[in-house]
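Chain by chain, the residues run as shown.
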Amino acid sequence: MAKQKSGGWLESIKTIVYAGLIAIGIRTVAFEPFNIPSGSMIPSLLVGDYLFVSKYSYGYSRHSMPFSPNLFSGRIFGSLPQRGDVAVFKLPRDNSTDYIKRIIGLPGDRVQVRSGVLHLNGQPVRREFLGNFTVEGDGPRMVVRQFREILPPQPGVTPHIHNILEMSDDQPFDNTIEFVVPQGHVFAMGDNRDNSLDSRSSAVGFIPVENLVGRAEFIFFSVDGSARWWEFWGWPTAIRWSRLFSGVR
């Protein structure tokens with residue numbers, strides 16, 4: 001009986017180890033879950049959204065693996081993002097903090113903001129005013145302006161359309177120098193333009209392609225924070241049911 005019991009424990013341990021290895025493998029090569037803790041990507045992503053990021057979209061770097069081990073440099077099976085992709089990346093200044101922003105500029109692009117209007121390669125990006133938008137769940141409730149922004153098309157790709165928010169045209173990052181994106185880097189911005197620390201700031205800067213973790217694909221869960229984790233009676237109304245399994249654009 002003792003031998004059977006010992007064998008049972010051994011089998012249980014092996015099962016746990018195999019399950020852990022499979023989970024690590026999926027997380028490394030396929031999908032990784034992330035949650036949104038701040039409002040820098042409102043209205044596209046809300047505080048309390050949980051989403052899956054595809055790890056294979058841009059190939060694999062050391063940042064594709066847990067804890068970013070320094071095993072190799074560059075990317076394997078690497079490819080550049082498209083303008084408009086919502087991507088997770090490691091913050092360049094520490095190579096460990098996860099950020100999620102929209103890719104605006106590719107290598108060689110010239111990026112500038114003038115009076116709140118994004119300019120790419122010397123041309124203003126077309127945008128359409130959609131009306132007012134009420135921001136909630138990220139500090140004080142406020143009403144801002146919402147625009148539909150249409151990024152210029154890349155060869156063989158349809159123009160990317162997404163919504164952005166702006167408080168006014170005279171915020172700190174509404175007038176910038178012209179940034180020239182170096183080779184091997186991309187330029188990223190948040191959709192909540194006046195409430196986003198992104199490539200317009202020296203605290204973030206250009207994003208090395210090696211630092212890309214993956215592309216945001218779809219939201220699998222979303223909660224508005226109106227109920228604490230132990231207030232189970234409030235869970236049904238706290239869940240944003242309409243956002244579940246919606247794609248990220």
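Coordinates for the structure precede this section.
What comes next concerns the included structure.

The rules behind each value
Residues numbered from 1 in each chain as written. Predicted model: local features only at pLDDT ≥ 70, side-chain atom pairs only at ≥ 80, totals over all residues. Heavy atoms only, no water. Salt bridge = Lys/Arg side-chain N within 4 Å of Asp/Glu carboxyl O. Helix = DSSP H or I, 4+ residues; strand = E, 2+ residues; numbered from the N terminus. Buried < 20%, exposed > 50% of the residue type's maximum accessible area, 1.4 Å probe, protein only. Pairing = 2+ DSSP bridges. Axes fitted to C-alpha atoms, helices over the stretch in contact; angles between N-to-C directions. Polar contact = N/O pair within 3.5 Å; in protein donor to acceptor, adjacent residues only side chain to side chain. Contact = heavy atoms within 4.5 Å.

## Quick look at the pattern of salt bridges
Following the criterion strictly, the structure yields 17 salt bridges and no others. Residues Arg102 and Asp191 are paired through a salt bridge, measuring 2.7 Å at the closest nitrogen-oxygen approach. In this pair, Arg102 sits in strand β4 (residues 98-105) while Asp191 sits in the loop between β12 (185-189) and β13 (207-208), placing the two residues 89 residues apart along the sequence. You can call Arg102 buried: its relative accessible area is 0%. With a shortest N-O distance of 3.1 Å, Glu128 and Arg126 are connected by a salt bridge. For Glu128, a relative accessible area of 30% corresponds to the partly exposed category.

## Focus on the sheet that holds strand β11 (residues 179-180)
Reading across the sheet, the 4 strands line up as β7-β6-β5-β11 and stay open at both edges, with antiparallel pairing between neighbours. Each end of this open sheet is capped by a strand with a single partner; those strands are β7 (123-124) and β11. Inspection of the sheet shows strand β6 (residues 117-120) paired to β7 by 2 bridges, in the antiparallel sense. In the strand pairing of β7, His119 is matched with Pro124.

## Topic: the pairing of β12
Counting buried residues in β12 gives 4 out of 5 residues, a clear majority hidden from the surface. The sheet contact formed by β4 and β12 spans 3 bridges and is antiparallel. If you follow Gly105 over to β12, its bridge partner there is Phe187. As judged from the 2 bridges shared by β12 and β13, these two strands associate in the antiparallel manner. Bridge pairing in β13 places Val186 opposite Ile207.

## A few points about the sheet that holds strand β9 (residues 142-150)
Spatial ordering of the open sheet is given by β8-β9-β10, a layout of 3 strands whose pairing is antiparallel. At either margin of the open sheet sits one strand with a lone partner, and together these are β8 (126-135) and β10 (161-166). Pairwise comparison of adjacent strand axes, ignoring direction, gives a mean angle of 30° for this sheet. The sheet contact formed by β8 and β9 spans 9 bridges and is antiparallel. Within β9, the position partnered with Phe129 by the bridge is Phe147.

## Quick word on the side chain of Gln112
Looking at the element boundaries, Gln112 is found in strand β5 (residues 110-114). With a relative accessible area of 16%, Gln112 lands in the buried category. In this structure the side chain of Gln112 is engaged in a polar contact, spanning 3.1 Å, whose partner is the side chain of Arg114. Residues in contact with Gln112, not counting those within four places in the same chain, are Val117, Leu118, His119, Thr176, Ile177 and Glu178.

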